[in-house]
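# Summary of the model geometry
Below are the chains, spelled out letter by letter.
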Amino acid sequence: MNLSSPTISSPTTPSVATPPATPTTGTPLFGTVLVANRGEIACRVIRTLRALGIRSVAVYSDADADARHVREADVAVRIGPAAATESYLKIEAIIQACRDTGAEAVHPGYGFLSENVDFARALEAAGITFIGPGVESLNVMGDKIRSKNHVTGYGVPVVPGIAEPGMSDAQLIEAAAGVGFPLLIKPSAGGGGKGMHIVERAEDLEATLATARRVAASAFGDDTLFLERLVLTPRHIEVQILADNHGNVIHLGERECSLQRRHQKVIEEAPSPLLESLPDGAEIRARIGEAACQAARSVHYSGAGTVEFLVSDAAPDEFFFMEMNTRLQVEHPVTEMVTGIDLVEWQVRIAAGEELTVTQADVVLTGHSVEARVYAEVPEKNFLPSIGQVVLLDELPDTASGKVRVDSALLEGLQISSSYDPMISKVIAWGEDRAEALDTLDEALAAYTALGIDTNVEYLRLLINDADVRAGRLDTGLIERKMPEFSFRHPGDFEVAAAAVFAAAMHEHETQDAGTGPWHLGNGWRLGAAAPRRISLGTPDGGIATVQVSGSLARGTATVGVNGGPRRPASFRSTKRGAAELTLGDESRSYALATVHRGPVPPGPGNPMPTEMFLGNEGWSCRLEVLTRETRLARVLAAIEREEGAADPAVRSPMPGTVVSVSVSNGDTVEAGQVLLSVEAMKMEHQLVAPLDGTVHISVGSGDLVKADQVLATIHPAVPTEPSKAEDTIEEAVIAMGAAE
C-alpha cells in the first residue's frame, strides 16, 4: 500500500492537444518574443512560440515567481511587485525587459495591456513590434463609445443607447429616460464583462452609476460610462476574424458565449447552437461574419480580433454590434478546435509581415467544440473567489483521445493569489456534434482534479447537464435563473469515512516501525480487543464528523462507524498516486486524496496524522480538517452559538484584498443588511454588510490592504443581547469531546 502524499512537481509538457500547424511561407519570423502576460494565456502563447522555434521571454511579478509560465519560457524577467499596476500594467518595465532580453516583438495575450493604445505607441517608439493591431484600430475600437459611433457609419447595426464621451452622472440620468429601462451601464474602456451593471428602475440609477465609475476607474484607469438598452433574452454571439497588412480580411465563424455570470463568460462554444438550429443559419452566419469583417476593415485592422454581437432569441436574424476586442479572446480554443487553425501562430506571422494564405472559402467548421472556464471560486457562496495551494493536480483524463484540450496555469505546489483574476484553466472538448462535445466535456470535467483549492468544476457539470443548456435554449440570464435550482454536493458518511480510513492507514504505516511493545505501537493496544481509533473531522459547514476505525487495515480486519452509526467492514486500496478506492460493506468508491501537515513538527512516526485532508471525485472536492481536542472544542462552542441564533458582531473580509470604499463613519447607527464597505479581490468588488442593528466601529480605511478573515468593522448592538449560554455549556462540551476522543 502506497500511502505517501503526492510530491510537488512541475509538468514537463503542457496538458493540451495542439492544433495542426499552419504551413510556413518562408518569411523570416522573430528571433525572440516577450509575452507580456501571465497564467494560462502566457503558457498558451509560449507553446506556439516554441513550435515556431522562437525564443520566448516571460515576465513575472513577485507573486508569480514560481508560476508555470515562468518555468516554461526560455527566459524570465521580474518586472515588479504583486500589484498589477506595479508589474503587468507597467509599460516602462515591459519595454525595459524587451531591451534586456533582445526581444523584437511583444505578444500581449488578453487583459492587462493587450488593448492599451499607449502601450502600442510606446513599443512603436522603441522599435519593438506589437503582435496585435495598429494604433488606429486600438484607438477607435478600444473605446466602446467611439467604436459604436464609428461602425454605424459602415453599415454595422448597433444597440440603441447613449454613447457620448465626457457625460456626467447627471447627464446620464437625464438621458436614461430616452434609452429606456431596463438598461445596462457599461465602462467605455472596459472589457471581459467587468464593470457592467444592470439597472431596472430609474431610482436605482444614481447609486449604481457611482459604483460603476469607481469600478471602471480602478479596473481600467478610466471612469467614462455609457448606457445601452438591455436586450431581453439576449444571446451573445461573437465572430473571430483574421486580417493581414495586405488587405485580406476573413472570418472563422462564430462562437456562442451566452452562458455568463456577472457579464463574464463561463461556457463558450463553436459554432452557435442558435445558428445551427435555424433553416437559414448558414445565411445568417455569412451576414454576421461579413458585418464583423466590415467592422475590421473600417479601422484597417491587422491580426486576430473578435467582433461581439447581441442577438435576440426572439428575432435571431437581427444582430447588434456590441464591441470589438482587439486581441486574442479567452475562448479562442473552440475556434481552433473546429477550424484546425492556430490563431496565435497567425498573430505572429501577420505581425512579422506575412500575407494570409487562408481564404474565406478555405474556412470549414468541422464538428462542435465547447469550452468551460475553471475558476478558483465557491459558486455556492455567490461565486466568492478562493485562494489556496494546489496540493494534487490531474487535469487531463486518460480517455481524452485527442478530443480534450486543457489550457492551464496550474502546478502542484502553486499558490493561488488574490492579486489577479480567479480563472485558473480552461477545459475544451470537441465532438462530431454538439451532444458529443458536451458529453466529452462532462467526462473531462468529471476527471478534472485540482485539490487544495475551491473550484467551480462541480458547478460547470451541473450547468452543461441542464436540460435547457443541452437543448441549446441559451441566453445571458440563464445562469442567474438556474442557480437556485442547482443542488451542490456536501461530504457525506462515505467521504468522511474515506478521509478517516486514509488517515488511519497513514497512522499504521508511519508507526509500524516505531518500536515493539504496547507502549510503542500507538494502535490502541490493551488487554482484550484493541481500542478503536476515533478520528474527528471538521466539515466545510463548521460541523464535526467522528469516525471510529477498529481493527487493522493492513490485515483486512478493519471496521468503520460514522457518528455512532453501524460499523461496516472497510478496506482501502491505493490505485495510483493521489488516488484510492474505499470499500464500505458492499459498496466501493474511488477518490482523489491528498494530505497537508501544518505546524512546526514534520510528518513522521511522532506526528503521523495530517492536519488537513482534501478529497474529491466526479469533479467535486472538499477540505476536511483533522481536529485536535482544542479545534474540536472550538467547533462545538461555535455550533452552540449558531443554535442560539447569535449574530457575529464582527464584519470580516472574506479574502485578502483592498478596501475600495467605506460607506459609513465611526459611530454611525446602521441597520442589518446595510452596506458598510467594499473590498476588491481578484478583480471583483465584494460589499460587506452589517450583520445586525447597532452602532458601527470601522477599523480600516479606503485603500487599505486587508487579510482573509480580518475584522474590518464591529457592530455594537442597539439592544443589549442576553448573555450567551455557550459559557454554561463549556463543561458539557468538554465532557462530550472527551467521550468522543
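Because the structure is a prediction, the values reported are computed rather than measured.

### Some points on the overall build of the chain
For the chain, the helix and strand inventory stands at 20 helices and 39 strands. A total of 741 residues make up the chain; the buried ones form 54% of that total. Carbon and sulfur atoms make up 51% of the accessible area of the chain, which amounts to about 30,500 Å² in all.

### Concerning the packing of aromatic side chains
For the coordinates displayed, the defined rule picks out seven aromatic pairs. Geometrically, the ring pair formed by tyrosine 88 and phenylalanine 112 is stacked, given 5.1 Å between the ring centres and 20 degrees between the ring planes. Here phenylalanine 112 lies in the loop between strand E4 (105-107) and helix H4 (117-125) and tyrosine 88 lies in the loop between strand E3 (75-80) and helix H3 (91-101), a separation of 24 residues in the sequence. Each ring, one from phenylalanine 383 and one from tyrosine 459, has its centre 5.2 Å from the other, and the planes form 80 degrees; the classification is edge-to-face. Placement of the pair is phenylalanine 383 in the loop between strand E16 (377-378) and strand E17 (384-385) and tyrosine 459 in helix H14 (residues 457-464), with a sequence separation of 76 residues. Side by side, phenylalanine 383 and tyrosine 459 carry an identical accessibility label, which is buried. Aromatic rings pair up to connect Tyr88, Phe112 and Tyr420 into one cluster. In this arrangement the basic side chain of arginine 261 is found over the ring face of tyrosine 375, its NZ or CZ atom lying 4.9 Å from the centre. One cation-aromatic arrangement involves arginine 589 over phenylalanine 494; the distance from NZ or CZ to the ring centre is 4.1 Å.

### Focus: the packing of helix H7 (residues 169-179) against helix H8 (residues 205-220)
With their axes 10 Å apart at the nearest point, H7 and H8 run at an angle of 130 degrees to one another. On the basis of their axis angle, the class for H7 and H8 is oblique. Crossing handedness for the pair H7 and H8: right-handed. From H7, Asp169, Leu172, Ile173 and Ala176 reach across to H8, where they touch Leu205, Glu206, Leu209, Ala210 and Arg213.

### Topic: H14
Most of H14 is tucked away: seven of the eight residues are buried. Along H14, the residues that are buried comprise Val457, Glu458, Tyr459, Leu460, Arg461, Leu463 and Ile464.

### A look at helix H12 (residues 343-351)
Most of H12 is tucked away, with eight of its nine residues classed as buried. Every buried residue of H12 is accounted for by Leu343, Val344, Glu345, Trp346, Gln347, Val348, Arg349 and Ile350. Of the surrounding secondary structure, the elements contacted by the buried residues of H12 are helix H1 (39-51), E4, strand E10 (234-243), strand E11 (249-261), strand E13 (303-312) and helix H11 (332-339). In this structure aspartate 342 caps H12, since a side-chain oxygen of it lies 3.0 Å from the backbone nitrogen of valine 344.

### What about the pairing of E13?
Extensive coverage of E13 is indicated by the burial of 10 of its 10 residues. Where E10 meets E13, 10 bridges bridge the pair, whose relative direction is antiparallel. Paired with glutamate 238 across the bridge in E13 is glutamate 308. A loop of six residues connects E13 with strand E14 (residues 319-325), the two strands running antiparallel in sequence.

### Notes on the sheet that holds strand E7 (residues 183-187)
Spatially, four strands are ordered E6-E9-E7-E8 in an open sheet, and the strand pairing comes out antiparallel. Sheet topology places strand E6 (161-162) and strand E8 (197-199) at the edges, where each strand pairs with a single neighbour. Here helix H6 (residues 144-152) sits on the sheet and contacts E7 and strand E9 (225-229); the angle it forms with E9, its principal contact strand, is near 50 degrees. Sitting on the sheet, H7 is in contact with E6, E7 and E9, with an inclination near 15 degrees to E9.

### A word on the pattern of salt bridges
The full count for this structure, using the stated rule, is 52 salt bridges. Between arginine 373 and glutamate 331 there is a salt bridge; the shortest N-O distance is 3.0 Å. Separated by 42 residues along the polypeptide, arginine 373 in strand E15 (residues 368-375) and glutamate 331 in the loop between E14 and H11 bring together distant segments of the chain. The burial state of arginine 373 is the same as that of glutamate 331; both residues are buried. Via salt bridges that share partners, Glu238, Arg255, Lys265, Glu268, Glu308, Glu331 and Arg373 belong to a single interconnected network.

### Some remarks on the sheet that holds E14
Across a sheet, paired strands are connected by hydrogen bonds in the backbone, their directions being either parallel or antiparallel. If you walk across this open sheet you meet the eight strands as E14-E13-E10-E11-E12-E15-E22-E20, and the pairing is antiparallel. The two strands at the open ends of the sheet, each matched to only one other strand, are E14 and strand E20 (404-408). The average undirected angle you get between the axes of adjacent strands in this sheet is 25 degrees. With six bridges connecting them, E10 and E11 associate as antiparallel partners. Bridged to isoleucine 237 within E11 is glutamate 256. Running at roughly 105 degrees to E11, helix H10 (residues 281-297) makes contact with E10, E11, E13 and E14 of the sheet. Across the sheet, H12 is in contact with E10, E11 and E13; its angle to E10 comes to roughly 45 degrees.

### Here's the deal with the side chain of threonine 583
With respect to the secondary-structure elements, threonine 583 resides in strand E28 (residues 579-584). Since its relative accessible area comes to 18%, threonine 583 is described here as buried. Side-chain polar atoms of threonine 583 contact the side chain of serine 588, separated by 2.7 Å. Discounting residues that sit within four places of it in the chain, threonine 583 has contacts with Pro569, Ala570, Ser571 and Ser588.

Each value, and the rule that gives it
- Residues numbered from 1 in each chain as written.
- Predicted model: local features only at pLDDT ≥ 70, side-chain atom pairs only at ≥ 80, totals over all residues.
- Heavy atoms only, no water.
- Helix = DSSP H or I, 4+ residues; strand = E, 2+ residues; numbered from the N terminus.
- Buried < 20%, exposed > 50% of the residue type's maximum accessible area, 1.4 Å probe, protein only.
- Areas by Shrake-Rupley, 256 points an atom, 1.4 Å probe, with all protein chains shown as cover.
- Phe/Tyr/Trp six-rings, centres within 6.5 Å; stacked < 30°, edge-to-face > 60°.
- Lys NZ or Arg CZ within 6 Å of the ring centre and 35° of its normal.
- Axes fitted to C-alpha atoms, helices over the stretch in contact; angles between N-to-C directions.
- Parallel < 35°, antiparallel > 145°, perpendicular 65-115°, else oblique.
- Left-handed = near helix turned anticlockwise from the far one by under 90°.
- Contact = heavy atoms within 4.5 Å.
- Polar contact = N/O pair within 3.5 Å; in protein donor to acceptor, adjacent residues only side chain to side chain.
- Pairing = 2+ DSSP bridges.
- Salt bridge = Lys/Arg side-chain N within 4 Å of Asp/Glu carboxyl O.

So, to be careful, I would describe these as geometric facts and stop short of saying anything about function.
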